[in-house]
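Remarks on the overall topology
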Amino acid sequence: MNSRVESVGSIGAAAGLIDRVAARAAGLRNDFALFRERRRVAARVRAELYSLTDRELNDIGISRYNIDDIAREHAVMYAKPKAA
């Protein structure tokens, strides 16, 4: 009788473990999707800023040295993961 109870208990524990692993995998997929979206947004902003002349950059208060930082900050603030 005890072996049956232990058997049922271990199935429940295994199911809980599987649920936790599945939830963690879904979280990692979402994190990776957000990472890829941020990289895509940063690349677009970086390309747009690098296409501006030095005078245009000066007019908006940006130096060429700061373009990568600005693109990265913009991506962190505005990138949204795409709905699956």
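Treat the numbers as computed from the prediction; the structure is a model and nothing was measured.

Calculation notes
- Residues numbered from 1 in each chain as written.
- Predicted model: local features only at pLDDT ≥ 70, side-chain atom pairs only at ≥ 80, totals over all residues.
- Heavy atoms only, no water.
- Helix = DSSP H or I, 4+ residues; strand = E, 2+ residues; numbered from the N terminus.
- Buried < 20%, exposed > 50% of the residue type's maximum accessible area, 1.4 Å probe, protein only.
- Areas by Shrake-Rupley, 256 points an atom, 1.4 Å probe, with all protein chains shown as cover.
- Salt bridge = Lys/Arg side-chain N within 4 Å of Asp/Glu carboxyl O.
- Core = buried A, V, L, I, M, F, W, Y, C linked by side-chain atoms within 4.5 Å.
- Contact = heavy atoms within 4.5 Å.
- pLDDT = per-residue confidence, 0-100.
- Expected span 1.5 Å × (residues − 1).
- Arc of directions from axis to C-beta.
- Polar contact = N/O pair within 3.5 Å; in protein donor to acceptor, adjacent residues only side chain to side chain.

1. Things to note about the overall build of the protein chain
- Secondary structure assignment for the protein chain yields 3 helices and 0 strands.
- The helix and strand sequence of the protein chain, counted from the amino end, reads α-α-α.
- Looking at the protein chain as a whole, 13% of its 84 residues qualify as buried.
- About 6900 Å² of surface is accessible on the protein chain, with carbon and sulfur atoms providing 58% of the total.

2. Considering the pattern of salt bridges
- Counted by the stated rule, this structure contains 5 salt bridges.
- Between R46 and D68 there is a salt bridge, and its shortest N-O distance comes to 2.9 Å. A residue pair is termed long-range when its members are at least 10 positions apart, and R46 in helix α1 (residues 2-50) and D68 in helix α3 (residues 67-78) qualify at 22 residues.
- Taking the relative accessible area as the measure of exposure, D68 reaches 30% and is therefore partly exposed.

3. Focus: the nonpolar core
- By size, the foremost hydrophobic cluster in this structure holds 10 residues: V41, A42, V45, L49, L57, I62, I67, A71, A75 and A79.
- Each residue touching A71, except ones within four places of it in the same chain, is listed here: A42, V45 and R46.

4. Regarding the confidence of the model for the protein chain
- Taken residue by residue, the protein chain gives an average pLDDT of 86. The fraction at 70 or more is 81%.
- Summarising per-element confidence for the protein chain, the mean pLDDT is lowest in α1 (84) and highest in helix α2 (residues 54-59) (96).
- Every residue in residues 1-6 scores below 50 in pLDDT, and together they form 0 contacts with partners more than four places removed in sequence or on other chains.

5. Considering α3
- Here α3 spans 16 Å end to end across 12 residues, near enough to the 16 Å set by a 1.5 Å rise per residue.
- Residues I67, A71 and A75 constitute the buried set of α3. One face of α3 carries all of its buried residues, which in axial projection span an arc of 70°. Exposed residues lying more than 90 degrees from the buried face of α3 are E73 and M77.

6. Topic: the environment of R64
- Relative to the helices and strands, R64 is located in the loop between α2 and α3.
- By relative accessible area, which is 32% here, R64 ends up partly exposed.
- Measuring from C-alpha to C-alpha, the distance between R64 and Y50 comes to 7.5 Å, with 14 residues separating the pair along the chain.
- Once residues within four sequence positions are removed from consideration, R64 is found in contact with L49, Y50, L52, T53, D54 and L57.
- Within the structure, the side chain of R64 is placed 2.6 Å from the backbone oxygen of L52, a separation counted as a polar contact.

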